[in-house]
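Coordinate inspection notes
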Amino acid sequence: MAKKEETVSLIDSFSEFKELKNIDRTTMVSVLEESFRSVIAKMFGTDENYDVIVNPDKGDFEIWRNREVVADDQLTNPNMQISLTEARKIDASYEVGEEVTDEVIFEKFGRRAILNLRQTLASKILELEKDSLYNKYIDKVGTIISAEVYQIWKKEILLLDDEGNELLLPKTEQIPSDFYRKGETVRAVVARVDNKNNNPKIILSRTSPVFLQRLFEQEVPEINDGLITIKKIARIPGERAKIAVESYDERIDPVGACVGVKGSRIHGIVRELRNENIDVINYTSNIQLFIQRALSPAKISSIQMHEEEKKAEVYLKPEEVSLAIGKGGLNIKLASMLTEYTIDVYREVSDEAVDDEDIYLDEFKDEIDEWVINAIKGIGLDTAKAVLNAPREMLIEQADLEENTVDDVIKVLKAEFEK
């Protein structure tokens, strides 16, 4: 009964191995042979006098042992030698010094040898699967894949690809409004493959600028064909993005091609990114012009550049300031990310505009903290009346101030004009 179980156990080992994904025949034969040799070497101290023939198609194998014929009284190593008497039982014509090759039945090595083989095989199979997974995905870094949600945890989602490989989508790589249920399909870009201690982890991302770039490449044939180039991308995932594009063919309008007729090409991308607003602008190497375009839809009156500090002071008409800054300061933040310049926005105030009835904010430093004054000036409001005329919500959102701080400022400024 034990022998039968051992044989079945060996057959199982082969069938498990044959079901392996992405393992070529040569590698399979090599690993099986190596596993047998490893067990033989453990048992006899060497495997050099053994021939192992593996037939993975049939799920069987042969092991042949080569031994030198020695005189009966000269036998010292039964693994490497065979006595003349024993040799002649196989074939009566054998003489001392000749080599005898006979088949070894692996099952006769006993239960321990078979268990050893299974453990060795399991270890090598696991190693091969890890190598195969790593090699498959290291070549896919930067490409979009689809995978199915298998398990949802607090800090990450476990997904399975179409071959059942495990992939991870960390919370930090998810768009804030992403919401998935088990069994749903997720599209993401392969961000990286970590391989610590030969244990590959495939990390996906939906927040990476590369994800946005690949979506455009899929939706806009001119980008895929190389007629339009994506030069720069800035993203605040799920909120807003700016993408700078350039065409080397004067007949092609790169912005129009990316947006499509009535927004047909960009709509799919926006939906995939949970309604992320996407501004597409024409790229230029003229940094001053690039900053102007990056601050769109605001119209700029003038710019002062400080190229060594990578800083730009932008002056706008009062009605353009809130457009330049954008809701929650997103527009100016993205423009800075896209151009790699620190952008400071200032409201144009002529000397005539600051009459006897208006006062510069700096005059209130005794009553209002300087950092609060700087935050308000940062959104282009330099005078008391400009602040009082601005919507309260604008001061809270765009200057990023607490409601009670804004109310205190308004109270101080109003008191000045009531004197």
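Relevant structure appears above.
Definitions and cut-offs
Residues numbered from 1 in each chain as written. Predicted model: local features only at pLDDT ≥ 70, side-chain atom pairs only at ≥ 80, totals over all residues. Heavy atoms only, no water. Helix = DSSP H or I, 4+ residues; strand = E, 2+ residues; numbered from the N terminus. Rg over C-alpha atoms; globule rule 2.2 N^0.38 Å. Buried < 20%, exposed > 50% of the residue type's maximum accessible area, 1.4 Å probe, protein only. Contact = heavy atoms within 4.5 Å. Areas by Shrake-Rupley, 256 points an atom, 1.4 Å probe, with all protein chains shown as cover. Lys, Arg positive; Asp, Glu negative; His and termini not counted. Charge placed at Lys NZ, Arg CZ, Asp CG, Glu CD. 1 Å grid on protein atoms, 1.4 Å probe; cavity = no way out; pocket = protein on both sides within 12 Å on 5 of 7 lines; lining within 4 Å. Points joined across faces, edges and corners; volume = space filled by probe spheres on them. Nonpolar A, V, L, I, M, F, W, Y, C, P; charged D, E, K, R; others polar. Arc of directions from axis to C-beta. Pairing = 2+ DSSP bridges. Axes fitted to C-alpha atoms, helices over the stretch in contact; angles between N-to-C directions. Core = buried A, V, L, I, M, F, W, Y, C linked by side-chain atoms within 4.5 Å. Parallel < 35°, antiparallel > 145°, perpendicular 65-115°, else oblique. Left-handed = near helix turned anticlockwise from the far one by under 90°. Phe/Tyr/Trp six-rings, centres within 6.5 Å; stacked < 30°, edge-to-face > 60°. Lys NZ or Arg CZ within 6 Å of the ring centre and 35° of its normal.

Moving on, we get to the overall build of the chain. Counting its regular elements, the chain contains 15 helices and 15 strands. A compact globule built from 419 residues should have a C-alpha radius of gyration of about 22 Å, whereas the chain, at 37 Å, is more than 25% larger. Oriented by its inertia axes, the alpha-carbon framework of the chain measures out at about 125 × 55 × 45 Å. Counting all 419 residues of the chain, 44% fall into the buried class. Put simply, 58% of the contacts in the chain that link residues at least 6 apart link residues at least 24 apart. For the chain, the accessible surface area stands at approximately 23400 Å², while carbon and sulfur atoms represent 46% of it. Within the chain, one finds 56 positive and 82 negative side-chain charges whose respective centroids are separated by 5 Å.

Our next topic: the layout of surface pockets. In this structure, the second largest pocket spans a volume of roughly 240 Å³. Around the second largest pocket, the lining comprises 13 residues; the ones closest to its centre are Ile-332, Ile-343, Gly-378, Ile-379 and Gln-398. Those elements giving two or more residues to the lining of the second largest pocket turn out to be β15 (342-347) and α12 (370-377). Looking at which element gives the most residues to the lining of the second largest pocket, the answer is β15, with four residues. Looking at the lining of the second largest pocket residue by residue, the classes come out as seven nonpolar, four polar and two charged.

This brings us to helix α8 (residues 264-272). Taken together, the buried positions of α8 are Ile-266, Ile-269, Val-270 and Glu-272. All buried residues of α8 project into a common sector of 160 degrees when viewed along the axis, lining one side. Positive backbone phi, at 60 degrees, marks Arg-274, one or two positions downstream of α8.

A word on the pairing of strand β5 (residues 144-152). Across five bridges, β5 lies against strand β8 (residues 185-194) in antiparallel orientation. Directly across from Ala-147, in β8, lies its bridge partner Val-186. Both β5 and strand β6 (residues 156-160) contribute to a ladder of four bridges, which runs antiparallel. Within the sheet, the bridge partner assigned to Val-149 lies in β6 and is Leu-159.

Attention now moves to the sheet that holds strand β12 (residues 277-282). Note: strands within a sheet are paired through backbone hydrogen bonds, in either parallel or antiparallel orientation. What the three strands build is an open sheet, ordered β10-β11-β12; its pairing is mixed. Strands at the two margins of the open sheet, each flanked by one partner only, are β10 (228-236) and β12. Between one strand axis and the next, the sheet turns through 20 degrees on average, direction left out of account. The sheet contacts of helix α5 (residues 209-219) involve β10, β11 (240-247) and β12, and relative to β10 the element is tilted by about 140 degrees.

Another point: the nonpolar core. Counting 48 residues, the largest nonpolar core has Leu-295, Ile-376 and Leu-381 as the members making the most contacts within it. What Ile-376 contacts, discounting residues up to four positions off in sequence, is Leu-361, Leu-381, Val-387, Leu-395, Ala-399, Leu-401 and Val-409. Ranked by size, the runner-up nonpolar core spans 24 residues in total, among them Leu-212, Val-220, Ile-228 and Ile-266.

Turning to the packing of helix α9 (residues 287-294) against helix α11 (residues 330-339), a few remarks are in order. Interhelical geometry of α9 versus α11 gives an angle of 150 degrees and a closest axis separation of 9 Å. With respect to each other, α9 and α11 are oriented roughly antiparallel. You can see that α9 and α11 cross each other, and the crossing is right-handed. Residues Ile-287, Phe-290, Ile-291 and Ala-294 of α9 touch α11, and the partners they reach there are Asn-331, Ala-335, Leu-338 and Thr-339. For the contact of α9 with α11, the class distribution of residues is six nonpolar, two polar and no charged.

Across the sheet, which stays open at both edges, the three strands sit in the order β13-β14-β15 with mixed pairing between neighbours. One side of each edge strand has no neighbouring strand; the edge strands of this open sheet are β13 (302-306) and β15. Adjacent strand axes in the sheet meet at a mean angle of 20 degrees when their direction is disregarded. As defined by bridge partners, β13 adjoins strand β14 (residues 311-316) across five bridges and the pair is classed as antiparallel. Looking across to β14, one finds that Gln-304 is bridged to Glu-313. Together, β13, β14 and β15 form the strand contacts of α9, whose direction differs from that of β13 by roughly 125 degrees.

Aromatic rings considered in pairs are described by the distance between their centres and by the relative angle of their planes. All told, the structure shown has four aromatic pairs when counted by the stated rule. On the numbers, 5.3 Å between centres and 25 degrees between planes, the contact of Tyr-315 with Tyr-346 is stacked. Taken together, the residues span a long stretch of sequence, with Tyr-315 in strand β14 and Tyr-346 in strand β15 at a distance of 31 residues. Lys-182 extends its terminal NZ or CZ atom over the ring of Tyr-150, reaching a point 4.9 Å from the ring centre. Seen from the ring of Tyr-180, Arg-274 lies directly overhead, with NZ or CZ sitting 5.3 Å from the centre.

Here we take up the pairing of β8. Direction of pairing for β8 relative to strand β9 (residues 201-205): antiparallel, over a ladder of five bridges. Residue Val-189 lies in a different strand from β9, and its bridge partner there is Ser-205. The turn joining β8 and β9, which pair antiparallel and follow one another in sequence, is formed by six residues; a positive phi near 55 degrees is taken by Asn-197.

Quick look at the packing of α5 against α8 now. Remark: α5 packs on α8, axes separated minimally by 10 Å, with the N-to-C direction vectors making an angle of 145 degrees. Judged by the sense of rotation from one axis to the other, the crossing of α5 with α8 is right-handed. Between α5 and α8, the residues in contact are Phe-211, Leu-212, Leu-215, Phe-216 and Glu-219 and Arg-265, Ile-266, Ile-269 and Glu-272, respectively. Broken down by class, the residue content of the contact of α5 with α8 amounts to six nonpolar, no polar and three charged.

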